[in-house]
Amino acid sequence: MVTAGGGYTFWHATTLGAQKAAADNGYQIISRGTYESTTASAQLSIINFFQDYECDGLILAPNEKSVVDALVLNYDKPIILIDRKPENSQLPVVKTNDYFAGELAAKQLIQLSQKTIDLAVVLNNQTEAHLNQRALGFTNLLKQTFSQVKLKHLHSGRSVGSAREIIFQQKELIRSAQVVYATNELGSLALNQDLAEIENIKIGFDCHPALIKATTANKMLGFISQNAFQIGYASAVKLINNIESKTPLTDLYLNPMFIDYAFIQKLPEPNCKSIYQYLAHTSLN
């Protein structure tokens, strides 16, 4: 199992899910991840290193399309992707239903009984297909609900630093927006570091202690959390079934959950581990 960079708590929970599925079926998961989510060569090096273990298959969260392209040509074991899938790839994937996740974020605004939204800003890396789906679900539902809404997309880059730079450059625009929505952890963290005192509605994506703190302090409406454990568990079960009985590998899209102040108050501890443990016991979709 090769995970992507960043999002440590998410990948840890995903790995735990895969390890549980492997243990349930008499297998072992060897998991490694890259430090950054931008390096294709690092992932390919890890996969080449795994060749010595004679693994039966691969679970992969590809950093870039080039990783998948290289494996399609040179890897002769079954592969299942997790969390993201390059456009036009034929490999099966287990991931969040990203369009639904975007709609889920928009529904929280609608439930606030907002009469109108004049401007909504979406912080997004438009080179990533799965992030674009998170943005599209959000913007489509807002357009259907608020006829006059203007939507401004800002490119968040591939690091918290690049997202913070964009926020700094566009601070006046963001200040005038009723809503700011970030489609991943990087943008969500930048949102909280630089916009904590701006009085607009903020919605983040992916679980992080900073997002929990901002939500409990009423600095953020909440954030979308993915079902990390179940993504790992389902991908491992599918791969094992394919290895043992040649069951065809197919896509699976899981529903996320919106985490707000009321949800956090019900947890035994206000942290990502508790959120992922809760989601681990919910239905897959």
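Residues numbered from 1 in each chain as written. Predicted model: local features only at pLDDT ≥ 70, side-chain atom pairs only at ≥ 80, totals over all residues. Heavy atoms only, no water.

Some thoughts on the overall build of the chain
Which entries qualify depends on this criterion: Helix and strand assignments follow DSSP, with helices taken as H or I runs no shorter than four residues and strands as E runs no shorter than two, numbered in order from the N terminus. Put simply, the radius of gyration uses C-alpha atoms, and a globule should come to 2.2 Å times the residue count raised to 0.38. We call a residue buried when its accessible area falls under 20% of the maximum for its residue type, exposed when it is over 50%, and partly exposed in between, using a 1.4 Å probe and counting protein chains only. Per-residue and other accessible areas were derived by the Shrake-Rupley procedure at a 1.4 Å probe size, with only the shown protein chains allowed to occlude residues.
A count of helices and strands for the chain gives twelve helices and twelve strands. Its C-alpha atoms give the chain a radius of gyration of 19 Å, near enough to 19 Å, the size a compact globule of 285 residues would have. Across the 285 residues of the chain, 51% fall into the buried class. Summed over all atoms, the accessible surface of the chain reaches about 13400 Å², with 50% contributed by carbon and sulfur.

Concerning the state of the cysteines
Rules: Cysteine sulfur atoms that pair up within 2.5 Å are treated as a disulfide.
Tallied over the full model, the rule gives one disulfide. In this model, cysteine 207 is linked to cysteine 272 through a disulfide, with the two sulfur atoms separated by 2.3 Å. Torsion about the S-S bond of the cysteine 207 and cysteine 272 cystine: about -100°, corresponding to left-handed handedness. Here cysteine 272 lies in helix α12 (residues 272–280) and cysteine 207 lies in the loop between β9 (201–205) and α9 (209–216), a separation of 65 residues in the sequence. Both residues of the pair, cysteine 207 and cysteine 272, belong to the buried class.

A few points about unusual backbone geometry
A positive phi is found at aspartate 83, a non-glycine position, where the angle reads about 75°. Even without a glycine there, the phi angle at aspartate 206 is positive, about 75°. With respect to the helices and strands, aspartate 206 occurs in the loop between β9 and α9.

Thoughts on the packing of helix α2 (residues 40–50) against helix α3 (residues 65–74)
Rules: Between the N-to-C directions of two axes lies an angle of 0 to 180 degrees, each axis being a line fitted to C-alpha atoms and, for a helix, fitted only over the stretch in contact. Handedness of each helix crossing follows the sense of rotation of the near helix against the far helix: counterclockwise by less than a right angle gives left-handed, clockwise gives right-handed. Only heavy atoms matter for contacts: two residues are in contact if any of them lie within 4.5 Å across the pair. Ten residue types, Ala, Val, Leu, Ile, Met, Phe, Trp, Tyr, Cys and Pro, are classed as nonpolar, four, Asp, Glu, Lys and Arg, as charged, and the remainder, Gly among them, as polar.
One way to put it is that α2 packs onto α3 with a least axis distance of 8 Å and a crossing angle of 35°. Seen from above, α2 lies across α3 with right-handed handedness. Contacts from Ala40, Gln43, Leu44 and Ile47 in α2 reach Ser66, Val67, Ala70 and Leu71 in α3. Across the contact of α2 with α3, the residue classes tally to six nonpolar, two polar and no charged.

Here's the deal with the confidence of the model for the chain
Selection criterion: Confidence scores per residue from the predictor, reported as pLDDT, run from 0 to 100.
Averaged over every residue, the pLDDT of the chain is 90; residues scoring 70 or more account for 95%. Confidence, expressed as mean pLDDT per element, reaches its minimum in the chain at helix α8 (residues 185–194) with 84 and its maximum at strand β12 (residues 257–259) with 97.

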